[in-house]
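Geometric and topological summary
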Amino acid sequence: MSVALQHLVNQPYKHGFVTKIESDTAPKGLSEDTIRMVSSKKNEPAWLLDFRLEAYRRWLNMTAPAWQNVHYPEIDFQAISYYSAPKSKKKLASMDEVDPELLRTFEKLGVPMHERAALAGVAVDVIFDSVSVATTYKEKLAEVGIIFCSFSEAVHNHPELIKQYLGTVVPPGDNFYAALNSAVFTDGSFCFIPKGVKCPMDLSTYFRINTEESGQFERTLIVAEEGASVSYLEGCTAPRFDTNQLHAAVVELVALDNADIKYSTVQNWYAGDENGIGGIYNFVTKRGLARGRNSRISWTQVETGSAITWKYPSCILRGENSVGEFYSVAVTNNYQQADTGTKMVHIGANTRSTIVSKGIAAGHSNSSYRGLVRMTPTATNARNYSQCDSMLIGNKCGAHTFPYIQVKNNSAHVEHEASTSKIGEDQLFYFAQRGIDAEEAVSMIINGFCKEVFQQLPMEFAVEATKLLSLKLEGSVG
Amino acid sequence: MIRADSSILLEVHDLHANVEDTEILKGLNLTVKRGEIHAIMGLNGSGKSTFAKVLAGHPAYRMTGGEILFNGMDITSLAPEERARAGLFLAFQYPVEIPGVANDQFLRLAYNTVQRQRGKEELDPLEFDDFVREKMKLLDMNPGFLDRSVNEGFSGGEKKRNEILQMALLEPMLAVLDETDSGLDIDALRIVAKGVNQLASQDNALILVTHYQRLLDYIEPDYVHVMEAGRIIKTSGKELALELEAHGYDWISGDKTRASGVQP
Ligand SMILES: Nc1ncnc2c1ncn2[C@@H]1O[C@H](COP(=O)(O)OP(=O)(O)O)[C@@H](O)[C@H]1O
Ligand SMILES: [Mg+2]
């Protein structure tokens, strides 16, 4: 491991809290003992410890995947500390204490005032003496029997549900990073929509962000019972900084008969500076199991942050007539690298999937789409439609498409379209000749390019995402 | 710099410009007053489009000498969008396609940008829709073009009409029409010419770049210039176009003694 990376991985310690709360921070390194310690600190039941240990044993026999089209120095997993007591963020007393640069970004993104305060870590009740939004929100959900809480809370309050569903979509030994997450995950979200309930509002992790830090190994589990439906929003457009460089999250979705889960992400983790120094390594496993008949899993993602993105939100279409969707915009600039896409595994008859991927690369960045469409022998009359478009801004970036198609059933139908385009000097000149400057022109072209994906986002999210993209590409042309 | 004669809209003096390292414009002179219509003719490759793009500030062309005064102001250091907002309009010979960007949104953004610049009212999408449909009627354009991507899949003639539509919306002080006539059939040419004539006034001016006399039957120029090898080598009244039509360019080519580019 390079000295630079070692330095970055070790960053949490620079701030000296180790010496202060020594007893609550695990020593660096990963072993069965560390895992036992994490589990006992969190007062976990034995079955969960067993789950972690099994994952760990599998992980020991695995090697980090090397097939992705990204490059980074080897990660030393023994140089990471896998547990520190959940610390609440230091609250600022007023907006005046917030970094002006951050405020400028909020301004540009059009983030609503109360959210700005919350995101910047200002105690909301100091500024808005109303009842906490989050509390009202929780009460409303409880009325209809929806559970939405942190993963740790769920382990204690709803152990039977966690035990029933955890690892059923992403098994502990699924892949290197998922195994690591299964062994050491610290917290995350749990969401349960009981039979027949249509969730009355979009569930947003935003309401949970500031309660505590979820840490670098986040675990999310969403279950929609028969006939239930939910739209879940992860992340926010505001930039998120974290001193931990490696993030390896796991998200599992389970949809029973006629259930519908829509999962939208806007990812804007720190991407590193314009020379490619720093930035988050984001190695995520996201998978939905369309277990029941007529169920639907839909992923929408707008990926703009992280130095490295390795992420393939997937759908296992097991139930007859089930539907899988993947709508993605991935933007890379400067020295960012993204290798992202999806897997659609068709098992049930008449299953259908749609893939719409839009990759935008600027600066020296590299953006790859990697997708698998698999029609298993039982997938009679299954259908897939894929569309993968790339757009290049400038001459130093790259865009690549790696579609894998496996068809084992003759009645299945797979359609794939791909295109690469470039924002050319003559297009920008055409705009300029009509009085429109390069930034507005690029924003207009990009929004046109991403339209089909943005249409899938909840309204306010779409507006913010549009602005976020312009902000991300600011200065990349002209 | 403010010139004494405020009737002069454009003054180009000894203009030199390169693309990559090749000099294309080699000392071009031209003066255009308000209310005038100028035609620039000349063989393919003589530098007509290059001149239009240098005027508009295309980044691929480097000005290496001379001056361009627009409305009394030296515009050579202005960005292309600033020149456009100052009232300079170029109808492109080959309008570029912009997939994914709806024509109506593009037109409205351009319109509102210029309106803002002039301290005039901007229009919301509904108001603009009414406004633009009226303008399209004058050019006999199908409103279906509003929903399509800018120029994408438009025929050559449709692209040219879309350029004139933009001219009609932006009401420039100086419009340079680069071979707007080529690709238009005779009916379309009449309609476009009618539109252009309606826009012409005593306050603005027009430069028509063309190959053919035909356009000049409908839009009558005050001056006709002949361009060759990056310079204007002859300037005369509209009868020059007819002579060119009859005799070709050969009869003036080479006779550089008649080059002036400045009106009598
Ligand atoms: N972008 C460019 N790159 C290289 N050569 C160019 C470019 N633009 C114009 N030229 C050259 O400049 C000369 C003049 O071209 P142009 O201005 O298009 O002529 P016209 O419009 O009179 O036909 C031609 O020789 C052409 O090949
Ligand atoms: Mg030309």
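Residues numbered from 1 in each chain as written. Chains lettered and ligands numbered in written order. Predicted model: local features only at pLDDT ≥ 70, side-chain atom pairs only at ≥ 80, totals over all residues. Heavy atoms only, no water.

Labelled according to an unreviewed UniProt entry, chain B appears under the name Component of SufBCD complex, ATP-binding component of ABC superfamily, originating from Nitrosomonas mobilis.

Applicable threshold: UniProt positions are given in the numbering used here, feature names are shortened, and annotations may be inferred rather than shown by experiment.
The name recorded for chain A in an unreviewed UniProt entry is Component of SufBCD complex, from Nitrosomonas mobilis. Here chain A is described in UniProt, under the heading Sequence similarities (unreviewed entry), as follows: "Belongs to the iron-sulfur cluster assembly SufBD family."

1. Let's talk about the overall build of chain B
The test is simple: Each helix is a run of H or I in the DSSP string that is no shorter than four residues. Each strand is a run of E no shorter than two, and both are numbered from the N terminus. In this scheme, a residue with accessible area under 20% of its type's maximum is buried, one over 50% is exposed, and one in between is partly exposed, where area comes from a 1.4 Å probe on protein chains only. Contacts are assigned to residue pairs with any non-hydrogen atoms lying within 4.5 Å of each other. Counted as positive: Lys and Arg. Counted as negative: Asp and Glu, with His and the chain ends omitted from the count. By convention, the point assigned to a charge is CZ for Arg, NZ for Lys, CD for Glu and CG for Asp.
Counting secondary structure elements, chain B contains eight helices and 12 strands. Taken along the three principal axes of its C-alpha coordinates, chain B extends 55 × 40 × 35 Å. Of all 264 residues assigned to chain B, the portion counted as buried reaches 52%. Counted over contacts in chain B with a minimum sequence separation of 6, partners at least 24 positions apart contribute 70%. Mean positive and mean negative side-chain charge positions of chain B (28 and 41 charges, respectively) differ by 1 Å.

2. Notes on the site of ligand 1
Residue and element names in this part refer to chain B. Using the following cut-off: Nearness of a residue to a molecule or strand requires only that one of the residue's heavy atoms be within 4 Å of it. Throughout this description, a polar contact denotes any pair of N or O atoms lying within 3.5 Å of each other; where both atoms belong to protein, one of them has to be capable of donating a hydrogen while the other can accept it, and for residues adjacent in sequence the pair is counted only when both atoms sit in side chains. In this classification, the charged set is Asp, Glu, Lys and Arg, the nonpolar set is Ala, Val, Leu, Ile, Met, Phe, Trp, Tyr, Cys and Pro, and all remaining amino acids, among them Gly, are polar.
Around ligand 1 lies a shell formed by Val19, Ile24, Leu43, Asn44, Gly45, Ser46, Gly47, Lys48, Ser49, Thr50 and Tyr61. Between ligand 1 and threonine 50 there is a distance of 2.5 Å, counted from an oxygen atom to a side-chain nitrogen or oxygen. The element best represented in the shell around ligand 1 is helix 1 (residues 48-56), accounting for three residues. Broken down by class, the residue content of the shell around ligand 1 amounts to four nonpolar, six polar and one charged.

3. Regarding helix 11 (residues 176-184) of chain A
Residue and element names in this part refer to chain A. Within helix 11, nine of the nine residues are buried, leaving the element largely enclosed by the surrounding structure. Of the residues making up helix 11, those classed as buried are Phe176, Tyr177, Ala178, Ala179, Leu180, Asn181, Ser182, Ala183 and Val184. In this structure asparagine 175 caps helix 11, since a side-chain oxygen of it lies 2.9 Å from the backbone nitrogen of tyrosine 177.

4. A word on the packing of helix 13 (residues 425-433) of chain A against helix 14 (residues 438-454) of chain A
Residues and elements named next belong to chain A. Spelled out, the test is: Geometry is summarised by axes, namely lines fitted to C-alpha atoms with helices restricted to the contacting stretch, and by angles between N-to-C directions that run from 0 to 180 degrees. Throughout, a crossing is termed right-handed when the near helix is turned clockwise from the far one, and left-handed when it is turned anticlockwise from it by less than a right angle.
Interaxial distance between helix 13 and helix 14 falls to 9 Å at its minimum, and their mutual angle equals 115°. The way helix 13 lies across helix 14 gives a crossing that is right-handed. Along its contact with helix 13, which presents Gln427, Leu428 and Phe431, the element helix 14 presents Ala438, Ala441, Val442, Met444 and Ile445. Taken together, the residues that form the contact of helix 13 with helix 14 break down as seven nonpolar, one polar and no charged.

5. Brief notes about the coordination of the magnesium ion (ligand 2)
Residues and elements named next belong to chain B. The following threshold applies: For Na, K and Ca the donor cutoff is 3.2 Å, while for all other metals N, O and S atoms must lie within 2.8 Å; water is not among the atoms, so some sites may look incomplete.
At this site the magnesium ion (ligand 2) is bound by Ser49 (OG) and Gln93 (OE1), with donor distances of 2.0 to 2.2 Å. On the criterion of sequence distance, the pair formed by serine 49 in helix 1 and glutamine 93 in the loop between strand 6 (88-91) and strand 7 (98-102) is long-range, its members being 44 residues apart. The same class applies to serine 49 and to glutamine 93, which are both buried.

6. Looking at the interface of chain B and chain A
Stated formally: Defined here as a combined quantity, buried area equals the accessible surface (1.4 Å probe) lost by two parts on assembly, summed across both. Take a side-chain nitrogen of Lys or Arg and a carboxyl oxygen of Asp or Glu: if they are within 4 Å of each other, that pair is a salt bridge.
Listed by partner, the interface residues are 33 residues for chain B and 17 residues for chain A. Carbon and sulfur atoms make up 66% of the area that chain B and chain A hide from each other, which totals about 2,100 Å². Joining chain B to chain A, the criterion identifies one salt bridge. Here glutamate 163 of chain B ties to arginine 434 of chain A by a salt bridge, and the two come within 2.6 Å at their closest N and O atoms. Our count for the chain B to chain A interface comes out at 12 residue pairs in polar contact (both at pLDDT 80 or more). Of all the secondary structure elements, the ones that give two or more residues to the side of chain B that touches chain A are helix 1, helix 2 (80-85), strand 6, strand 7, helix 3 (103-117) and helix 5 (156-170) of chain B. Ranked by residues supplied to the side of chain B that touches chain A, first place goes to helix 3 of chain B with six residues. Its residues placed into classes, the side of chain B that touches chain A shows 21 nonpolar, seven polar and five charged.

7. Regarding a negative patch on the surface
Residue and element names in this part refer to chain B. We apply this condition: Residues enter a patch when their relative accessible area is above 30% and they make no salt bridge; the linking distance is 9 Å between like charges and 5 Å between nonpolar side chains (Val, Leu, Ile, Met, Phe, Trp, Tyr). What sets the accessible areas is the Shrake-Rupley method with a 1.4 Å probe; for residues, cover comes only from the shown protein chains.
On the surface, Glu121, Asp124, Glu127 and Asp130 cluster together into a patch of negative charge. Looking at the secondary structure, you find glutamate 121 in the loop between helix 3 and helix 4 (125-138). Here glutamate 121 falls in the exposed class, since its relative accessible area comes to 55%.

8. Considering helix 3 (residues 32-41) of chain A
Residue and element names in this part refer to chain A. Convention followed: This arc is built from the directions going out from the helix axis to the C-beta atoms.
The complete set of buried residues in helix 3 reads Thr34, Ile35, Val38 and Ser39. Burial along helix 3 is one-sided: seen end-on, the buried residues are contained in an arc of 130°. Away from its buried face by more than 90 degrees, helix 3 exposes Asp33 and Ser40. Looking at the packing, one finds that the buried side of helix 3 touches helix 4 (46-60) and helix 11. Asparagine 43 sits one or two residues past helix 3 and shows a positive phi near 55°.

9. Side note on the packing of aromatic side chains
The relative placement of two aromatic rings is captured by the distance of their centres and the angle of their planes. Our working rule: Between 30 and 60 degrees the pair is tilted, below 30 it is stacked and above 60 it is edge-to-face, where a pair is any two Phe, Tyr or Trp rings, Trp via its six-membered ring, whose centres lie within 6.5 Å.
Counting across every chain of the model gives 27 aromatic pairs over all chains. Residues tyrosine 56 of chain A and tryptophan 59 of chain A carry aromatic rings whose centres are separated by 6.2 Å and whose planes lie at 25° to one another, so their mutual orientation is stacked. Taken as a pair, tyrosine 56 of chain A and tryptophan 59 of chain A lie in helix 4 at a separation of three residues, close to a single helical turn. Consider the rings of tyrosine 111 of chain B and phenylalanine 131 of chain B, whose centres lie 4.9 Å apart with planes at 45°: the pair is tilted. Here phenylalanine 131 of chain B lies in helix 4 and tyrosine 111 of chain B lies in helix 3, a separation of 20 residues in the sequence.

10. Comments concerning the pattern of salt bridges
When their charged atoms lie close together, side chains carrying opposite charge are able to pair. Residue and element names in this part refer to chain A. Here the structure, examined in full by the defined rule, presents 21 salt bridges over all chains. Arginine 219 is the salt-bridge partner of glutamate 252, the closest N and O atoms lying 2.9 Å from each other. Here arginine 219 lies in strand 4 (residues 218-224) and glutamate 252 lies in strand 7 (residues 250-255), a separation of 33 residues in the sequence. Across the pair, arginine 219 and glutamate 252 agree in class, each one buried. The residue lysine 358 makes a salt bridge to aspartate 389 at a minimum N-O spacing of 2.8 Å.

11. A look at the sheet that holds strand 2 (residues 22-33) of chain B
For clarity, the threshold we go by: Here the rule is simple: two strands pair whenever DSSP picks up at least two bridges between them.
Ordered in space as 2-1-4-5 (chain B), the four strands form an open sheet in which the pairing is antiparallel. Two strands lie at the open edges of the sheet, namely strand 2 and strand 5 (73-74) of chain B, each paired on one side alone.

12. A word on the confidence of the model for chain B
Residues and elements named next belong to chain B. Note the following rule: Confidence scores labelled pLDDT are given residue by residue by the predictor and lie between 0 and 100.
Counting all residues, the mean pLDDT for chain B is 90, and 94% of those residues have values of 70 or more. When mean pLDDT is taken per element in chain B, strand 6 scores highest with 98 and helix 8 (residues 239-247) scores lowest with 81. Contacts of residues 256-264 to residues separated by more than four positions or lying in other chains number 25 contacts, the stretch itself having pLDDT below 50. The ipTM for the predicted assembly is 0.93, set against a pTM of 0.82.

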